[in-house]
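What follows is the residue order along each chain.
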Amino acid sequence: MSNYQIEFRHVQKSYGDNLVLENINCQVKKGEFITMVGTSGCGKSTFLKMLLGTEQHSKGQILLDNQPISAEPCDERGIVFQKYSVFPHLSVRENVAIAKEFESSFIGRLFGKRRQQALDEADKWLDAVGLLNAKHKYPHELSGGMQQRLAIAQALIKHPKVLLLDEPFGALDPGIRKDMHKLVLDLWQKYELTIFMVTHDLEEGFYLGTRLWVFDKTRHDPHAPHRFGSTITFDLPVGKTDQASYQEIEDSLSLHALSA
Amino acid sequence: MKRWINRTPNQSLAITLGIIPFLLIMALYQWGSEVRKAENPNDKLLPSVSEFQTAIDRLAFTPSKRTGEYLFWQDTKSSLQRLLIGVACAAFIGLMLGLITGAIPLIGANLNPIITAISLIPPMAVLPLLFIVFGLGELSKVMLIIVGITPFLIRDLYQRTKDIPSEQLVKAQTLGANSFQIIIRVLLPQILPRLLDALRLSLGTAWLFLIAAEAIAATDGLGYRIFLVRRYLSMDVILPYVVWITFLAFLLDWLLVKTSKAIFPWYHAAK
């Protein structure tokens, strides 16, 4: 038994002959905030999907609280995608309350007093993400940033063991993105969340996380690019902003960008 | 001067431009009718406006001598009843099967090939079969509409269900939903407005099958009347009936749009 919340042991992921990830070994404690960067196609999104349960690993073991992780998405793991995370046919508060309705009603719909309780609890989480004023609106009336706030509130109401963020702020304006960073950091501290976040913005990765992972190939066969998979090449604590390591990673990423 | 692709009409100009073709056709008809009447006052091919009035008055506002019914309204009632029952049944079956085959891959794999095969059967080819199986009464006419449009509805709604972003399904699972809850709380409400869209597209086909069935075996109905009076070259009845059917088709389409916008505002706003 280990006191790690999440453990990857010799995990490998391949599609047929195409090796995407290999030799993934890592341990994550409760309350860590992992940011993941890498060039496109490096496997960071595949890594997140394996954690989420929409992709299965080919070899090795993934443990969540010392148990093999379930092979389909479940309420232990919350997710916020870049887009399409909210239900367009439900109002903002219904979008959050629906999690409660799934929980306590077979047909997924509550009535009367119990519905009111679910809506009240939803309001609490909307308040936490700063959306309470918009609770009667529909998603199409919200800006991109507000939709992401809603998606976060949906995930939090289930108290997931880990919160997975798949480039959640990639489509937002820089100003809005700053606000969202602040929100995520606040929520992370207040609710002691374990967060995995994929980003293509290295600066964002440095600023937000407690640990930064870089996904990259360590071996490269120019004649058979699919022969070797990516692995985690950097795993650094980023609480202290370290200009030298930032530069080093920046250089290694841009080197790939040039050769790609 | 601006390019043609950048010149847009304001509202009153748009209405005027839209009305012109209708007026042109009416004027052309009037002219043609007068020319023919001048040659032969008993010409039946292009009746005059007064002949239309007489025919409409006889069918719609005077009780039939034989049965005491107002034939025009009786025809309308019978036809609409057949059409609406057929379309409602087809919508229900289409919704259920489209949703379930789109939501559950195992059921989709099981049913999609047979649905595709059935959808390729020309419905008119099995009309005699329907008459044999369901008799010459109301049921066989309703069945022809159902057979005619249900396969399209199933396949369209299957595709619409598939088109709902998988992110939403994953999200619902992370909120603890089971398959049944996802179908009725996430997929069904989002498929309903798309069902109304599909119904709008299939209404034209439904009218086609309705009139075909009435033409072959019926004792009343708009299609029956048109094919009945065809024997006497009664254009004074046929043309008003065609205009009336067109108007009913327009009305149903308009009602579907209005209903959809009233019940599913989020769907139309997001488009």
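What you see is a predicted model; the values in this text were computed from it and never measured.

Criteria and cut-off values
- Here the residue numbers are simple positions, counted from 1 along each chain's written sequence.
- Here the convention is simple: chains get letters from A, ligands get numbers from 1, in the order in which they are written.
- It should be noted that, the model being predicted, local features are given only for residues of pLDDT at least 70 and side-chain atom pairs only at 80 or more, the latter also being counted only at that level, while totals for whole chains, interfaces and linings use all residues.
- To obtain the side-chain values, all non-hydrogen atoms of the structure were used and water was disregarded.
- When accessible area is computed with a 1.4 Å probe and restricted to protein chains, residues below 20% of their type maximum are described as buried, those above 50% as exposed, and intermediate ones as partly exposed.
- We count a stretch as a helix when DSSP gives it H or I for four or more residues in a row; a strand needs E for two or more, and each element gets its number in order from the N terminus.
- Pairing of aromatic side chains requires ring centres within 6.5 Å, counting the rings of Phe and Tyr and the six-membered ring of Trp. Pairs whose planes differ by under 30 degrees are stacked, by over 60 edge-to-face, and all others tilted.
- For a lysine, the NZ atom is tested; for an arginine, the CZ atom; a charge sits over a ring if that atom is within 6 Å of the ring centre and within 35 degrees of the ring normal.
- A fitted line through C-alpha atoms serves as each axis, taken over the contacting stretch for helices, and the angle formed by two N-to-C directions is quoted from 0 to 180°.
- Here the word oblique covers every angle except those under 35 degrees (roughly parallel), over 145 (roughly antiparallel) and from 65 to 115 (roughly perpendicular).
- By definition, residues are in contact when any of their heavy atoms lie within 4.5 Å.
- Asp, Glu, Lys and Arg are counted as charged, while Ala, Val, Leu, Ile, Met, Phe, Trp, Tyr, Cys and Pro are counted as nonpolar; the rest, among them Gly, fall into the polar class.
- Each patch is built from salt-bridge-free residues with over 30% relative accessible area, joining like charges within 9 Å and nonpolar side chains (Val, Leu, Ile, Met, Phe, Trp, Tyr) within 5 Å.
- Here the Shrake-Rupley method, with its probe set to 1.4 Å, supplies the accessible areas, and only the displayed protein chains count as covering residues.
- Should a side-chain nitrogen of Lys or Arg be within 4 Å of a carboxyl oxygen of Asp or Glu, the pair is scored as a salt bridge.
- Working convention for charge: Lys and Arg count positive, Asp and Glu count negative, and His plus the chain ends are omitted.
- Note that the charge is assigned to NZ on lysines, CZ on arginines, CG on aspartates and CD on glutamates.
- Think of a nonpolar core as a cluster: buried Ala, Val, Leu, Ile, Met, Phe, Trp, Tyr and Cys residues, connected wherever their side-chain atoms sit within 4.5 Å.
- Values of pLDDT, ranging from 0 to 100, describe the predictor's confidence in every residue of the model.
- Grid points spaced at 1 Å and placed over the protein atoms alone form the basis of the search, with a cavity being a set where a 1.4 Å probe fits but cannot get out and a pocket an open set showing protein on both sides within 12 Å along at least five of seven lines. Lining residues have an atom within 4 Å of a point.
- Grid points are joined across faces, edges and corners, and a volume is the space filled by probe spheres set on the points.
- Once two parts are brought into contact, the accessible area they lose, counted with a 1.4 Å probe and summed over both, makes up the buried area.
- Polar contact criterion, stated in full: a pair of N or O atoms within 3.5 Å, where within protein one must be able to donate a hydrogen and the other to accept it, and residues adjacent in sequence count only if both atoms are side-chain atoms.

Trainee: Help me understand helix α1 (residues 44–52) of chain A, please; the structure alone is not making it clear to me.
Mentor: Note: α-helices contain 3.6 residues per turn, so residues at a spacing of three or four share the same orientation. Residue and element names in this part refer to chain A. Counting buried positions along α1 gives 7 out of 9 residues, so the element sits mostly inside the fold. Those residues of α1 that sit buried are K44, T46, F47, L48, M50, L51 and L52. Positioned one or two residues after α1, G53 has a phi angle of 105°, which is positive.

Trainee: Even after reading the chapter, I still don't get unusual backbone geometry, so can you show me in this structure?
Mentor: The phi torsion of most residues other than glycine is negative, and most of the peptide bonds are trans. Residue and element names in this part refer to chain A. At N23, a position not held by glycine, the phi torsion is positive, near 55°. Position of N23 relative to the elements: it lies in strand β2 (residues 18–28). Located in the positive-phi region is H159, a residue other than glycine, with phi close to 45°. Mapped onto the fold, H159 is located in the loop between α4 (144–156) and β7 (162–166).

Trainee: I tried to follow the packing of aromatic side chains on my own but got confused; where do I start?
Mentor: What describes a pair of aromatic rings is the distance from one ring centre to the other and the angle between the planes of the rings. What the rule picks out here adds up to 16 aromatic pairs over all chains. Aromatic side chains W125 of chain A and Y191 of chain A sit 5.0 Å apart centroid to centroid with 45° between the ring planes, which places their arrangement in the tilted category. Taken together, the residues span a long stretch of sequence, with W125 of chain A in helix α3 (residues 112–128) and Y191 of chain A in helix α5 (residues 174–191) at a distance of 66 residues. Classification of W125 of chain A as buried rests on a relative accessible area of 4%. For R7 of chain B, the ring lying beneath its charged end belongs to W4 of chain B, and the centroid distance is 4.6 Å.

Trainee: Could you clarify how one ought to interpret the environment of G108 of chain B in this entry?
Mentor: Residue and element names in this part refer to chain B. In this fold, G108 is placed in helix α4 (residues 105–119). On the basis of relative accessibility, which here comes to 3%, the residue G108 falls in the buried class. Each C-alpha atom of the pair G108 and L97 lies 9.0 Å from the other, and the pair is 11 residues apart in sequence.

Trainee: I keep staring at the packing of helix α2 (residues 49–60) of chain B against helix α10 (residues 235–263) of chain B and nothing clicks. Help me out?
Mentor: Residues and elements named next belong to chain B. At a minimum axis separation of 9 Å, α2 and α10 run at an interaxial angle of 75°. Judged on the interaxial angle alone, α10 and α2 are roughly perpendicular. Side by side, α2 and α10 meet where E51, F52, A55, I56, R58 and L59 of the first sit next to M235, D236, V237, L239, P240 and Y241 of the second. Of the residues belonging to the contact of α2 with α10, the class tally is 9 nonpolar, no polar and 3 charged.

Trainee: Sorry, what's going on with a negative patch on the surface here?
Mentor: Residue and element names in this part refer to chain A. Taken together, the side chains of E203, E248, E250 and D251 present a region of like negative charge at the surface. A total of 3 residues in the negative patch trace back to one element, the largest contributor, which is helix α7 (residues 243–259). Within the fold, E250 resides in helix α7.

Trainee: Hey, could you run me through the nonpolar core in this one?
Mentor: One recurring pattern in soluble globular proteins: nonpolar side chains tend to sit buried together. Membership of the largest hydrophobic core comes to 98 residues, with the highest contact counts inside it found for I152 and I195 of chain A together with L83 of chain B. Of all the elements, helix α8 (residues 179–216) of chain B adds the most residues to this core, at 15 residues. Aside from chain neighbours lying at most four places away, what touches I195 of chain A is E32, F33, I34, L163, L165, V184 and W188 of chain A. Residues V28, F47, L52 and V198 of chain A belong to the second largest nonpolar core, which totals 29 residues.

Trainee: Can you help me understand the confidence of the model for chain B in this one?
Mentor: It should be kept in mind that the predicted coordinates are not to be read in detail where pLDDT is low. The predicted model of chain B has a mean per-residue pLDDT of 93, with 100% of residues at 70 or higher. Looking across chain B, the model is least confident in helix α11 (residues 265–270) of chain B, with a mean pLDDT of 89, and most confident in helix α3 (residues 71–103) of chain B, with 96.

Trainee: I'm lost on empty space enclosed by the protein in this one. Help?
Mentor: Rolling a probe over the atoms, with the probe sized like a water molecule, indicates the empty space that remains. Residues and elements named next belong to chain A. The final tally for this structure, using the stated rule, is 1 cavity of 30 Å³ or more. Here the largest cavity is characterised by a volume of approximately 40 Å³. Around the largest cavity, the lining residues are I152, L163, L165, V184, L187, L193 and I195. Elements supplying a minimum of two residues to the lining of the largest cavity: β7 and α5. Each residue belonging to the lining of the largest cavity can be placed in one class, and the counts come to 7 nonpolar, no polar and no charged.

Trainee: Whenever I open this one, the environment of V170 of chain B confuses me. Can you help?
Mentor: Structurally, V170 of chain B can be placed in helix α7 (residues 166–174). Judged by relative accessible area, V170 of chain B falls into the buried class, the value being 10%. As for V170 of chain B and I182 of chain B, which are separated by 12 residues in sequence, their C-alpha atoms are 9.9 Å apart. Aside from chain neighbours lying at most four places away, what touches V170 of chain B is L52, T54, P73, I79 and F81 of chain A.

Trainee: I keep staring at the interface of chain B and chain A and nothing clicks. Help me out?
Mentor: It is common to give the size of an interface as the accessible area that goes away when the parts come together. Contacts between chain B and chain A engage 21 residues on the former and 34 residues on the latter. Across the interface of chain B and chain A, roughly 2,400 Å² is buried in total on both sides, 67% from carbon and sulfur atoms. On the chain B side of the interface with chain A, the three residues burying the most area are K171, L175 and R185 of chain B, jointly 33% of the side's total. At the surface where chain B touches chain A, the tally comes to 1 salt bridge. Here chain B and chain A share 8 residue pairs in polar contact (both at pLDDT 80 or more) between them. Mapped onto the side of chain B that touches chain A, the elements with two or more residues apiece are α7, α8 and α11 of chain B.

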